[in-house]
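The primary structure of each chain is shown beneath.
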Amino acid sequence: MKLFFLSCLIVSLSVPDSLDLKVERLHDSIISIDTHNDFAMFYAFPEEKHTVAKGQVSFELMKEGRLDAAFFAAYQEQGPCTEEGHARAKWLADSMLTALHRYAAELSQQGAIAFDAGEVRELKKQNKAAMLLSIENAYCLGQDITLVEHYYKMGVRMIGLTHNGNNCVADAVMDSLEWHGGLSPFGYEVIKEMNRLGMIVDVSHASRKACLQAVRSSRTPIVASHSCVYNLKQIPRNLTDEEMIAIAGKGGLIQISIGRYFLSFLPRDQVGLPHLMEHINYVVNLVGIDHVGIGSDFDGGGGIVGVENMGRMKAITRALIEEGYSDREIAKLWGGNVLRVMEDVSDFARSF
Ligand SMILES: [Zn+2]
C-alpha cells in the first residue's frame, strides 16, 4: 500500500496534469504577444545601477514560457526639453535599438526581429522568438518630425508618447503640470506621421486628455501597452473607464500589466494571478475580449507571485482556462488582438 502511494506521488510529480497538457496544446496553435518590457535599458547599459532589471526577459525565457513575441522598448527617462536633452535622448534610443538588433543577431538560432504580423507568424512556424521594437517616451523625437521615419527604418513599430514627465509631444499622466492640455501641435503631427508609416500609437503614461485626443486623432487603433484598471487600483497610471471605452471604440487595446504597482495595494508577496485576472475580467466586461491583452513591464518593475518572468507566462494561460475563457478567447487575448491591430496599422499605411 505504501508503495502504491509512493508511486502515485512520483507519477503526480513527474507527469503533467491534463490542464498542463491543454495549456501546451493551446500554445501550439495560438500566438502569444507581450507588448512591453524594458530589457533594452539593462542590455545596452549594464553598468547603469539605477535600472530595475531582474533578468526577467530573454529569448530563452520566452521559449520556456511559450511566449512567441514581445515588444522590446527603447526607454529614455524624461529630461529637459532642450537641444542637448533631445540629442541625448536620441542617442539613448538609438543605442538601445542598436543593442536589440545585436542581441537578435547574436541569438539568431533562437529568435529574430519581426517587422510585421506576417513575420511574427513566420517565426512561430520556425519555433523562434519574435522581437518587436518599440520606444517608450517620444522624448527622443525632440521636435524633429523626420525622426519618426528614422525610427521606423530602425524597425520600431510602436511609440509611447511620454514617460513620467511632459515632453514636446504630449503631457504625461504622472506630471503635476499641464503644458499642452493633452497633445501638443507637434504631437498631432507625430500621430499623423506614425499613421502614414504604419506605427502603433501607445498611450500608456500619457495624460488622460492626451490619451483621449490620441484616440480621436489617430486614423488607426491605438494601444495602452502596459496599464491596468483605475477603478481597481486608483493610481494615475491606470486607465479610467472613459479612456478604455474610447480606446476600444476605435478598435484599440488595453494591455494589462503584470506588476504589483498596477494591480493592487497589497504587499508585493501577496499579489498574484487572482489580481491579474481581476483586472483582465474587468476590461473584458467593460469593452469585450477583442480589446484586452498582456503587457508585462518585465525588467521595468513587472512581476507578480506565480508570473515572475517570461518563463512563467504559461501560468497566465492556465489561470485564464480556470477562469472559464474559451480557447478562442484566449487566442485573442494572448496575441490575436495585437496581430489584428498591427495589420490594421500597416494596412492603413499601405493605403497611402
Ligand atoms: Zn512604463
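All values derive from a computational prediction rather than experimental measurement. (Residues numbered from 1 in each chain as written. Predicted model: local features only at pLDDT ≥ 70, side-chain atom pairs only at ≥ 80, totals over all residues. Heavy atoms only, no water.)

### Describing the coordination of the zinc ion
Looking at the metal site, the zinc ion is ligated by Glu-136 (OE), His-205 (NE2) and His-226 (NE2), spaced 2.1 to 2.2 Å from it. Between consecutive donors of the zinc ion, the numbers of intervening residues give the motif E-x68-H-x20-H. One end of the pair, His-205, is in the loop between β6 (200–202) and α9 (208–217); the other, His-226, is in strand β7 (residues 223–227), with 21 residues separating them in the sequence. Each member of the pair, His-205 together with His-226, is buried. (Donors = N, O, S within 2.8 Å, 3.2 Å for Na, K, Ca; no water. Helix = DSSP H or I, 4+ residues; strand = E, 2+ residues; numbered from the N terminus. Buried < 20%, exposed > 50% of the residue type's maximum accessible area, 1.4 Å probe, protein only.)

### As for the side chain of His-27
Structurally, the position occupied by His-27 is in helix α2 (residues 18–29). You can call His-27 buried: its relative accessible area is 0%.

### Re the state of the cysteines
Inspection of every chain in the model, using the stated rule, returns zero disulfides. Sulfur of Cys-168: no disulfide; nearest cysteine sulfur belongs to Cys-81 and is 4.2 Å away. Its relative accessible area of 13% is what places Cys-168 among the buried residues. (Disulfide = S-S within 2.5 Å.)

### Notes on helix α14 (residues 327–350)
With 24 residues, α14 ought to run about 34 Å at 1.5 Å a step, and its terminal C-alpha atoms sit 32 Å apart, in line with that. Roughly 55 degrees is the biggest bend found in α14, and it falls at Leu-333. Taken together, the buried positions of α14 are Ile-330, Leu-333, Trp-334, Gly-335, Asn-337, Val-338, Leu-339, Val-341, Met-342, Val-345, Phe-348 and Ala-349. (Expected span 1.5 Å × (residues − 1). Bend = angle between axes of the 7 residues up to and from the residue.)

Worth remembering: the numbers are spatial, not functional.
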